[in-house]
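Structural description and commentary
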Amino acid sequence: MTYQETLQWMFTQLPMYQRQGQSAFKKDLSNTIKLAAYLNHPEQGFKSIHVAGTNGKGSTSHMLASVLQEAGYKVGLYTSPHLKDFRERIKINGKEVSQEFVVKFIEGHKGFFESNSLSFFEMTVGMAFEYFRNEAVDIAVIEVGLGGRLDSTNIITPEVSVITNIGLDHTQFLGTTLEAIAAEKGGIIKPGIPVVIGETQTETESVFKDLAEKNDAKISFADQQIKEALPSDMIGSYQKKNIRTVLQTVKELRLLGYNISDKTIASGLMQVVGNTGLKGRWQVLNQCPKVVCDTAHNTEGLTEVMQQLKQEEFEQLHMVFGVVNDKDITTILPLLPKNAMYYFCKPDVPRGLDAVALKTVCNASGFQGESYGSVNEAYNEALKNASQNDFIYVGGSTFVVAEII
């Protein structure tokens with residue numbers, strides 16, 4: 001198979017949460033455990049940091065990888081979803097896994113995948129772990145896909161576990177209260193392994209403390225320990241919380257004997273994009289008019305990003321906006337600015353919410369705008385209408401951003 005044919009097979013044969021939604025969610029780790037045994041336990045072949053949380057886990061993972069790279073380590077980085085190309089999910093020192101490795105891995109194990117009905121995510125985790133073991137990384141930063149306790153990544157025993165924060169997202173899988181979701185994400189807390197919590201929240205603090213106590217795991221809350229966030233090339237005031245989480249995690253790594261100087265931390269935080277290739281976090285695509293895209297897609301994420309938007313100066317605001325169909329749109333609408341022209345669009349995935357349906361709901365709530373046949377059509381219309389001093393925001397879903405960068 002060619003690389004494209006391999007991806008096509010992965011995407012179409014098997015459930016993939018990002019595209020399909022609920023039907024792709026697995027209720028236990030039995031497939032992943034079976035796969036790990038079949039591959040001769042690659043997860044035991046490298047050291048790791050495990051990162052979970054509702055928001056900020058992607059940014060935090062990339063920042064940690066960047067700092068560790070600056071410290072001279074060979075660093076694996078596993079994240080999801082990808083924006084443009086599948087290989088973004090699996091990197092070593094910022095370089096994506098080769099097309100050849102992806103094809104060989106799938107071809108070599110296709111029979112096993114088919115006979116055991118492995119999901120897209122299970123296969124991808126197996127691929128990443130095999131790659132990191134083969135390439136003998138010093139440490140890998142592993143971002144949880146969804147939740148924690150039952151996530152395919154949760155077969156590792158990391159050096160440190162990290163949970164950025166808890167919000168009401170993916171409630172159909174993880175529970176409808178912050179406490180329930182914290183218990184799921186807290187499932188990555190392991191016996192005797194230190195855990196760093198990014199944000200102290202009244203509803204979740206005791207959940208994490210209880211889980212840490214049961215596991216005899218040292219727990220620290222980054223926002224209580226770290227008062228000053230260092231500067232970073234990750235623009236957006238909301239990144240300060242993630243930076244504090246990184247700084248506390250680095251503290252724990254130093255206690256374990258990792259050689260990470262203050263200078264290294266500073267340079268690592270300033271070179272996240274260059275070192276890791278991270279995209280879509282308050283990413284400035286154009287200056288006149290200013291165009292920014294951001295992958296924030298839930299209440300907590302959009303709250304932070306809309307605060308950032310308020311700090312911008314412009315004449316007219318244009319919002320290119322699309323969402324997926326399993327989002328409760330009513331929780332997002334109160335966060336969005338009404339003094340803007342909206343360009344409603346449907347991201348090109350099966351889960352995308354129809355643009356006309358989105359427009360109908362938004363118009364009824366007092367938002368002005370039209371629906372468009374595609375993300376690019378909506379974006380091009382916004383570019384056409386915007387003057388030099390206007391501002392264009394593109395977001396609402398990771399998949400909207402993926403289509404324009």
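Residues numbered from 1 in each chain as written. Predicted model: local features only at pLDDT ≥ 70, side-chain atom pairs only at ≥ 80, totals over all residues. Heavy atoms only, no water.

Now for the packing of aromatic side chains. All told, the structure shown has 18 aromatic pairs when counted by the stated rule. Relative to tyrosine 393, the ring of tryptophan 282 lies with its centre 6.4 Å away and its plane at 40°, an arrangement referred to as tilted. Residue tryptophan 282 is located in the loop between helix H13 (272-276) and strand S9 (283-287), and its partner tyrosine 393 is located in strand S14 (residues 391-395); the two are separated by 111 residues in the primary sequence. Across the pair, tyrosine 393 and tryptophan 282 agree in class, each one buried. Aromatic rings pair up to connect Phe46, Phe101, Phe105, Phe113, Phe129, Tyr131 and Phe132 into one cluster. (Phe/Tyr/Trp six-rings, centres within 6.5 Å; stacked < 30°, edge-to-face > 60°. Helix = DSSP H or I, 4+ residues; strand = E, 2+ residues; numbered from the N terminus. Buried < 20%, exposed > 50% of the residue type's maximum accessible area, 1.4 Å probe, protein only.)

Taken in spatial order, the eight strands line up as S4-S3-S2-S5-S1-S6-S7-S8 in an open sheet, and their pairing is mixed. Each edge of the open sheet carries a strand with a single partner, namely strand S4 (95-96) and strand S8 (219-221). Across four bridges, strand S1 (residues 48-52) lies against strand S5 (residues 139-143) in parallel orientation. Looking across to S5, one finds that isoleucine 49 is bridged to valine 141. Seen against the sheet, helix H4 (residues 57-70) touches S1, strand S2 (75-78), S5 and strand S6 (160-163) and runs at an angle of roughly 170° to S5. (Pairing = 2+ DSSP bridges. Contact = heavy atoms within 4.5 Å. Axes fitted to C-alpha atoms, helices over the stretch in contact; angles between N-to-C directions.)

What follows concerns the sheet that holds strand S12 (residues 341-344). In any sheet, the strands associate via hydrogen bonds between backbone groups, in a parallel or an antiparallel arrangement. A sheet is described by the order of its strands in space; here six strands give the open sequence S9-S10-S14-S11-S12-S13, paired in mixed fashion. Pairing within the sheet leaves two strands with one partner each, and these edge strands are S9 and strand S13 (368-371). Adjacent strand axes in the sheet meet at a mean angle of 20°, parallel and antiparallel pairs treated alike. Pairing analysis gives four bridges linking S9 to strand S10 (residues 290-293), with the strands arranged antiparallel. Bridging from a neighbouring strand, glutamine 283 pairs with cysteine 293 of S10. Docked against the sheet, helix H14 (residues 299-310) engages strand S11 (317-321) and S14, running at close to 170° with respect to S14. Against the sheet, helix H17 (residues 375-385) contacts S9, S10, S11, S12 and S14, and its axis sits at roughly 175° relative to S11.

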